[in-house]
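# Inside the fold
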Amino acid sequence: PAYGSPQHGSPTQSSFPTFDGPGEDGHSVAESRVLIIMTGGTICMRMGKDGYVPATGFLDAYLKPRPSFNDGSPTKCLPVMTDDETEVMLESLRTPPSKHARRIRYAILEFNPLLDSSSINAKGWGEIAKSIKRNYTLFDAFVILHGTDSLAYTSSALSFMISNLGKSIILTGSQAPMAELHNDATDNLLGSLIIAGHYMVPEVCLFFNHRLFRGNRATKSNAHDFRAFSSPNFNSLGKVGISTNIKWNLVNRPSTLAPFSVQTSLSTAHVACLRIFPGILPEMIEGILALENLRGLVLETFGAGNMPEDERLMTVLRKGVDNGIVIVNVTQCITGSVSPLYASGTALARAGIVFGLDMTTEAALTKLSCLLAKPELTVTDIRRQMSLSLRGELTEQSATSFSHPNSLLPPKLSRLTALAYAIKKGDQKSISSVLKESNEFLLNEFDYSGNTPLHLASTCRNIDILRDFLSQGASVHLRNGDGRTPLFLAADAGIEVNVSLLRESGAHLHTEEVEHAKLKLKTLKWDQESVGSLQVPNKVLYPVTCTLPRC
Ligand code: ASN
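Residues numbered from 1 in each chain as written. Predicted model: local features only at pLDDT ≥ 70, side-chain atom pairs only at ≥ 80, totals over all residues. Heavy atoms only, no water.

Before going further, it helps to examine the packing of helix H11 (residues 411–425) against helix H12 (residues 428–437). When two helices pack together, their arrangement is given by the angle between the helix axes and the distance between those axes. Between H11 and H12, whose axes approach to 9 Å, the crossing angle comes to 160°. Put simply, H11 runs roughly antiparallel to H12. Judged by the twist between their axes, the crossing of H11 over H12 is left-handed. Judged by residue contacts, Arg-415, Ala-418, Leu-419, Ala-422 and Ile-423 of H11 engage Ser-430, Ile-431, Val-434, Leu-435 and Glu-437 from H12. Residues that form the contact of H11 with H12 fall into these classes: seven nonpolar, one polar and two charged. (Axes fitted to C-alpha atoms, helices over the stretch in contact; angles between N-to-C directions. Helix = DSSP H or I, 4+ residues; strand = E, 2+ residues; numbered from the N terminus. Parallel < 35°, antiparallel > 145°, perpendicular 65-115°, else oblique. Left-handed = near helix turned anticlockwise from the far one by under 90°. Contact = heavy atoms within 4.5 Å. Nonpolar A, V, L, I, M, F, W, Y, C, P; charged D, E, K, R; others polar.)

A few words on the pattern of salt bridges. Evaluated as defined, the whole model comprises 22 salt bridges. A salt bridge links Arg-94 to Glu-31; the shortest N-O distance between them is 3.7 Å. Of this pair, Arg-94 sits in strand E6 (residues 87–94) while Glu-31 sits in strand E2 (residues 28–40); the two residues are 63 residues apart in sequence, bridging distant segments of the chain. For Glu-31, a relative accessible area of 3% translates into the label buried. Here Glu-445 ties to Lys-412 by a salt bridge, and the two come within 3.4 Å at their closest N and O atoms. One end of the pair, Glu-445, is in the loop between H12 and helix H13 (453–458); the other, Lys-412, is in helix H11, and 33 residues separate them in sequence. The exposure class of Lys-412 is partly exposed, given its relative accessible area of 29%. Ionic contacts of the salt-bridge type, sharing partners, join the residues Glu-31, Asp-71, Arg-94, Arg-103 and Arg-105 into one network. (Salt bridge = Lys/Arg side-chain N within 4 Å of Asp/Glu carboxyl O. Buried < 20%, exposed > 50% of the residue type's maximum accessible area, 1.4 Å probe, protein only.)

Time to look at the packing of aromatic side chains. One pass over the full model with this rule turns up six aromatic pairs. For the pair Tyr-136 and Phe-142, a centre-to-centre distance of 6.3 Å together with 5° between the ring planes defines the contact as stacked. An identical accessibility class is assigned to Tyr-136 and Phe-142; each is buried. Aromatic pair Tyr-136 and Phe-260: ring centres 3.7 Å apart, planes at 0°, arrangement stacked. (Phe/Tyr/Trp six-rings, centres within 6.5 Å; stacked < 30°, edge-to-face > 60°.)

Here the focus is the site of the ligand. In the vicinity of the ligand, the residues found are Gly-41, Thr-42, Met-45, Asp-116, Ser-117, Gly-147, Thr-148, Asp-149, Ser-174 and Gln-175. At 2.7 Å, a side-chain N or O of Thr-148 approaches a nitrogen atom of the ligand. One nitrogen or oxygen atom from the side chain of Asp-149 is found 2.8 Å from a nitrogen atom belonging to the ligand. About the coverage of the ligand: the protein hides 90% of its 270 Å² of free accessible area. Of the residues assigned to the shell around the ligand, the class counts are one nonpolar, seven polar and two charged. (Near = heavy atom within 4 Å. Polar contact = N/O pair within 3.5 Å; in protein donor to acceptor, adjacent residues only side chain to side chain. Areas by Shrake-Rupley, 256 points an atom, 1.4 Å probe, with all protein chains shown as cover.)

Here it is as structure tokens:
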């Protein structure tokens, strides 16, 4: 597949007759084919006697009359595979040419019945996945129209159900129906079509209010605003404005040599979700864990993954784990991750409860349902996979070393490891290439051993490395896993020139540390007033309150 944006000169490649009719300037205009799968939701609703209800006939009622969705060319029928594996010819429309000289031709496959998304379940997710699979080779991309209430559950579920995706799948809906004069449906649908028709983003995405999110990172955060969705723990994948900007460095791509496939069943009947609250009783948790057939539980805990310190609660949870139930700890907070920061969270991990890190509840529940439906996985496999990123749904951080010492190093840690190796070898060429390649400032980050690159350079005989790091703004004040600064390490190693350079750069010792340094470097004057003035340009001072990764 071709990845890239029109701005980079590689628009979506279609396996279809790519050119269809002249554009305004008489030149041929490329055409992409998109299948819209209409499942229901406010976007297609009309007012009934008891409130909004989904209505059929979306293409005829709302898209045909709108010039931005219909360029007025004679309609054309496209082959579409339906749920009973029969091919039907569906009427399609096409948009006028975009500024990238591309039209989007689309057909709509309407589900029967159309749903308010609050009624969708695993069967509905299976139907969506099957429709995509049946039509995968017939279309360049897929747009799913869906209600907003459970949109983040559906986009999360599909992300886990689909493997080796090579085309864009974009879910959208609206807060106000297309039938209303002032609506967000037009923008959401047109934005989704534009991305689907121009860019190959091979992920299950959620597009809303001009933003493209990874589907399993999004959550509905507002019941009224047009800005209904957010992605609190992961940046959006792109934005549609005057121009469309896709953040290609964030986009996941299939990396295995395997064909597109879908898993169509999920074990939603075997999972539950429980929000911890002050005063929760052990019997309440016990009641849920005793449910017949329960195999997975998502616990929404406080803050960084804590719950009331009550031995009776722990006993009940431990019993659930021993009975083979996969219990996953996610935070009730909108933003942030669970971690072994507090004793209470650590006790849960020790009891065999899995850290769900920064997964949303929607992602945790659907991932668990998906994994539990795979007969080849053992409970241990599932527990392990719940803490790993399968589709970019969580950020593997310090918890990786806490619960999964054997898993692959996250990219930042592996860069820091490469840097540490190069510093030890005095290899300045490799040092600068690692630093250049990284899009974040690595010099104030801690490696697996709890040291910053400056700590490592402070005991190196090659003073040029130390000088180079200081001139790039490395902080002299950060303390390593043992609570030591680079200056202390340089003094302890007895390297006088490094000590002098660090002190010139503003480094200093605590009074208790001075005695130790005096013993090591007898010839140096250690009164604190003799600290040299800052000679290093662009110095950035970082606070010393950092959390150190510990194994
Ligand atoms: N109740 C509607 C649904 O989820 C809400 C919406 O789409 N805005 O189907």
